[in-house]
Amino acid sequence: MMKPRRAGASRGYEEMDGSNVPGYGTRNGAGGGGGTGASSLGSTGSSADATSPINGNGGAPPEFELASVSVVPDDTFTVTQAVNALGFGWFQVKLSLCVGLCWMADSMEMTILSVLGPALHCDWGITRYQQALVTTVVFLGMMLSSTFWGHLSDRYGRKPALTLCGVLLFLYGLLSSVAPSFGWLLLLRGLVGFAIGCVPQSVTLYAEFLPTKQRAKCVVLLDCFWALGACFEVALALAVGPNLGWRWLLGLSAAPLFAFAVITPWLPESARYHVASGQSDKALTTLEQIAKDNKRPMLLGRLVVEGPSGSRGSVKALLGSSLRRTTLLLWFIWMSCAFCYYGLVLMSTELFGGKNKTVLPETENDCHPLATTDYMDLLWTTLAEFPGIFATIYVIERFGRKKTMALQFLFYAGCVLMITVTDVRVFLTIILFMARGVIAGLFQAAYVYTPEVYPTALRSVGVGGCSALARLGAMATPYVAQVLFQSSIWSAVSVYGFFAVCASVACMLLPYETRGTDMGQ
């Protein structure tokens, strides 16, 4: 039932159990009738429990036990408390599907890099260094644009940035399929990378709508869409590549990008962003929509900002005294994570493709397209991301974010070093399966930790900065996985093992553990 509108409240809302509980002042002898005991708390201008024994003012203890949402002083509540009170429901399910489609499209554009190089080598006779350049230019665009998208998201909102990203990504992805020359292809793939740089902002938007208890689990489960997109791209390459060629493969891979571009106008804007930017009415409208979709009563009271807003969208603020250590360690962790992940993806193609051919001097006629068995083995190793995701969900809430990432980096290092001890295809597939699963889960663990450790005003630029450094690692990895790997497998896997061990140490040096904490506003 709806309660009477209180003085000082911007709107009338239905009471949540355990939040701004009616009659609280009466039970403590601090208020009269009218069912507005909570408003008497606000009239005192003091803390939430003005008459409790804790404050030394005497009074009987309350006869009820508060629920998970705390009583807020002066009849106010924050976005964090509202999101936690409204819980996980249909609103978050819809958002999961929208953001998941974005991740699926991103995954397809990344996975296609592992099969595009060999196809271009056969079609245009490009060298191995040029194959590596096709991959590098995509990550260069992503690196250069990550901080741009972070600034755009923090200043104008997550939704406008993702809308522009969806349109550009589809446009440049489709144009890549009709590139007339290698130079044009490099330019267009670089622009694809520029647009993809905004994709991490979808995780920021998603995490800001998740209750604390479900946040880690849901963000990690989001990687299911990435794995699904990777599997779909490999299956599409198997069906389309041998018969229609790489141009059709690029064109058809842009289909999910079109779908995402169409649905972005219906994405909600972050309520945390609206509050931090002084647009409380819009934030309330969004929270009301969450309450309606989740079939939960809306909180009663006035929406306020939790804590100081700080510098908005400032890279300089990321390197301030309070965040410098966290930021520098996260930059190295993200760089190592991308370096190891995409290195494994590219090494898988090299390992499987190399088993069906004799290595010849590299000439324009030296063409060795991937066979059906190569695609099937790539598909099997890609499927490893699913068990990796579920294992991460189990571990991350029991051991925390830092220990989970540290252990996963060590496990990855052990797996890649095992590549050198066997050349049996079945054993290689098993080793790559385990390594792919653990590095995929690790990437998602980093996506869980990073938005949690930064305040709202710096969250997008913080994630964007980490993403930029990740792309730096991804830019370098083709020259290890595709070039150095051909001359010395041991040297290549040793590089990956070294970076993984160093990143494991960096994870343990992070100053904050965010398990079970609310996202700072």
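Conventions used here
- Residues numbered from 1 in each chain as written.
- Predicted model: local features only at pLDDT ≥ 70, side-chain atom pairs only at ≥ 80, totals over all residues.
- Heavy atoms only, no water.
- 1 Å grid on protein atoms, 1.4 Å probe; cavity = no way out; pocket = protein on both sides within 12 Å on 5 of 7 lines; lining within 4 Å.
- Points joined across faces, edges and corners; volume = space filled by probe spheres on them.
- Helix = DSSP H or I, 4+ residues; strand = E, 2+ residues; numbered from the N terminus.
- Salt bridge = Lys/Arg side-chain N within 4 Å of Asp/Glu carboxyl O.
- Buried < 20%, exposed > 50% of the residue type's maximum accessible area, 1.4 Å probe, protein only.
- pLDDT = per-residue confidence, 0-100.
- Contact = heavy atoms within 4.5 Å.
- Core = buried A, V, L, I, M, F, W, Y, C linked by side-chain atoms within 4.5 Å.

A separate point is empty space enclosed by the protein. In this structure the tally under the stated criterion is four cavities of 30 Å³ or more. Estimates place the volume of the largest cavity at around 100 Å³. Around the largest cavity, the lining residues are Trp103, Asp106, Asp223, Trp226, Tyr341, Tyr342, Ala440, Phe443, Gln444, Tyr447 and Arg471. Elements represented by at least two residues in the lining of the largest cavity include exactly α4 (90–111), α11 (223–244), α17 (324–354) and α21 (425–453).

Glancing now at the pattern of salt bridges. Tallied over the entire structure, the rule returns five salt bridges. Arg189 is the salt-bridge partner of Glu109, the closest N and O atoms lying 2.7 Å from each other. Of the two residues, Glu109 sits in helix α4 while Arg189 sits in helix α8 (residues 182–196), which places them 80 residues apart along the sequence. A salt bridge links Glu208 to Arg158, with the shortest nitrogen-to-oxygen separation between them at 2.8 Å. Of this pair, Glu208 sits in the loop between α9 (200–207) and α10 (212–221) while Arg158 sits in helix α7 (residues 158–176), and the two are 50 residues apart along the sequence. Per residue, the accessibility class of Glu208 equals that of Arg158, and both read buried.

For the protein chain, per-residue confidence averages 76 on the pLDDT scale, and 79% of positions sit at 70 or higher. Predicted confidence is poor over residues 1–72, with pLDDT under 50, and the contacts of this stretch with residues over four places away or in other chains come to 115 contacts. A low-confidence stretch, residues 355–365 stays under pLDDT 50, and its non-local contacts, those more than four residues away or across chains, total 18 contacts.

Counting residues in each nonpolar core, the largest one holds 145 residues, and the members touching the most others are Met110, Leu287, Tyr342, Tyr412, Ile419 and Tyr496. If you tally residues by element for this core, the top one is α17, at 17 residues. Look past the residues within four positions of Tyr342 in its chain and what remains in contact with it is Met110, Phe139, Trp226, Phe443, Arg471, Ala474 and Thr477.

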